[in-house]
Amino acid sequence: MSSNTFGKLLSVTTFGESHGPAIGCVVDGCPPGLALAPEDFAQDLARRATGRTRHTSQRREADVVEILSGVYQGLTTGTPIALLIRNTDARSRDYDDLLDTFRPAHADYTYWHKYGIRDPRGGGRSSARETTMRVAAGVIARKWLAEHHGVRVRGCLTQLGGITPRVFDWNAVEDNAFFWPDVAQVPELEATMDALRKAGDSVGARVEVIAEGVPPGWGEPIYGKLDAELAAALMGINAVKGVEIGDGFASVAQHGSQHRDELTPQGFASNHAGGILGGISSGQSIRCAIALKPTSSIRIPGRSVNLRGEPVQVVTTGRHDPCVGIRATPIAEAMVALVLMDHALRHRAQCGDVPPQTPRIA
Ligand code: EPS
């Protein structure tokens with residue numbers, strides 16, 4: 001009932017709060033024999049972490065992973081893999097002013113109504129701190145997918161407020177703090193973020209993720225379609241308000257003759273579908289995008305109510321991200337990888353002995 005677990009054959013359960021002693025996850029269903037060490041997590045966790053640039057929250061967490069179980073002599077054993085990260089830089093007094101009220105557009109309000117009790121320190125369980133464990137779990141999925149299927153999952157930021165890339169270069173993405181594919185625009189992004197921070201405001205963003213090398217066949221119609229499960233996993237990331245697969249909402253204005261991806265012996269002629277047909281991977285690259293709302297914790301005063309329903313003004317101070325989208329690329333990549341690995345295992349379980357059909361074209 002309490003949904004802190006997702007996935008079927010590969011399941012991930014996360015636990016912990018932003019200002020509790022630690023956050024963690026249990027990854028169950030990973031096949032035995034995958035080499036796994038604490039150092040494997042460092043790179044992706046650093047890509048997601050706060051405090052690495054002036055454009056993100058200044059909370060500084062080391063984000064060091066402890067592997068508590070499921071690994072013996074450097075290899076996964078097929079038993080549950082428990083990962084733990086200790087919280088070391090929580091500053092709970094920043095939240096004292098929020099004990100009695102709700103940030104507009106934040107989960108403060110709905111958690112209070114649902115549970116009748118909330119941990120307001122750092123947003124408790126609703127904090128984006130939880131996404132650390134998604135990224136950690138995603139490291140396992142990315143590694144397994146790469147080794148067993150040659151799948152590569154990578155993403156980038158493709159819109160920040162009204163700004164979109166003028167050129168697209170994958171090589172630029174990891175060279176700047178924004179995961180932005182047009183290096184010449186980085187000064188413009190920095191100026192935008194500096195101005196926002198000064199104004200105490202926030203802005204939304206769009207992140208795209210591509211998975212290359214996925215073979216045809218992954219996905220379980222009808223209620224376990226690959227696109228449906230990707231959408232659910234991506235929609236469940238904090239601050240996500242929209243998900244697109246392939247051309248997504250642009251499909252509305254397209255004609256069938258334009259949208260269809262024609263098949264030729266050399267491959268598909270286009271990829272409007274985003275690599276998924278009928279809920280099953282086609283062998284083309286899988287293309288997903290998410291829309292992230294502007295962060296709700298801002299310094300510009302806003303109207304709210306207190307616990308007694310009386311009007312108050314809320315100003316959120318503390319260490320917050322003026323654009324959560326800047327740190328969302330590794331999180332979205334992780335969720336895509338986790339869904340893909342789950343489906344790879346599910347496909348192997350049900351259809352692993354189905355012989356190859358028509359020669360593969362993608
Ligand atoms: C967050 C608020 C800030 C961020 C946090 C997410 O927390 P705090 O007020 O405790 O500094 O720093 O992000 C992280 C700590 C993280 O690791 O991502 C929020 O409201 O979601």
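Residues numbered from 1 in each chain as written. Predicted model: local features only at pLDDT ≥ 70, side-chain atom pairs only at ≥ 80, totals over all residues. Heavy atoms only, no water.

## Details of the overall build of the chain
When helices and strands are tallied, the chain shows 8 helices and 17 strands. The C-alpha radius of gyration computed for the chain amounts to 21 Å, which stays within 12% of the reference 21 Å derived for 362 residues, consistent with globular compactness. In terms of its C-alpha atoms, the chain occupies a principal-axis envelope of roughly 65 × 50 × 40 Å. The buried share of the chain, taken over its 362 residues, is 49%. Intrachain contacts of the chain at a sequence separation of at least 6 include 71% that bridge at least 24 residues. Accessible surface for the chain amounts to roughly 17,100 Å². Of this, 55% is attributable to carbon and sulfur atoms. Considering the chain, the positive charge centre built from 38 side chains and the negative charge centre built from 39 side chains are found 4 Å apart. (Helix = DSSP H or I, 4+ residues; strand = E, 2+ residues; numbered from the N terminus. Rg over C-alpha atoms; globule rule 2.2 N^0.38 Å. Buried < 20%, exposed > 50% of the residue type's maximum accessible area, 1.4 Å probe, protein only. Contact = heavy atoms within 4.5 Å. Areas by Shrake-Rupley, 256 points an atom, 1.4 Å probe, with all protein chains shown as cover. Lys, Arg positive; Asp, Glu negative; His and termini not counted. Charge placed at Lys NZ, Arg CZ, Asp CG, Glu CD.)

## Regarding the sheet that holds strand β8 (residues 152-160)
Taking strand neighbours across the sheet as the criterion, the 4 strands line up as β8-β9-β15-β10 in an open arrangement whose pairing is antiparallel. With partners counted over all chains shown, the strands left at the sheet margins are β8 and β10 (240-245), one partner each. On average, each strand axis in the sheet is tilted by 20 degrees relative to the strand beside it, whichever way the strands run. Of the strand pairs in this sheet, strand β9 (residues 205-212) and strand β15 (residues 286-292) are connected by 7 bridges, and their pairing is antiparallel. By the bridge assignment for β15, R206 is matched with A291. (Pairing = 2+ DSSP bridges. Axes fitted to C-alpha atoms, helices over the stretch in contact; angles between N-to-C directions.)

## Here we look at the packing of helix α6 (residues 226-235) against helix α8 (residues 329-351)
Two elements in contact, α6 and α8, have axes separated by 9 Å at closest approach and are oriented at 145 degrees. In this structure, α6 meets α8 at a crossing whose hand is right-handed. Contact residues: L226, E229, L230, A233 and L234 in α6; A332, M335, V336, V339, L340, D342, H343 and R346 in α8. (Left-handed = near helix turned anticlockwise from the far one by under 90°.)

Keep in mind these values describe shape, not function.
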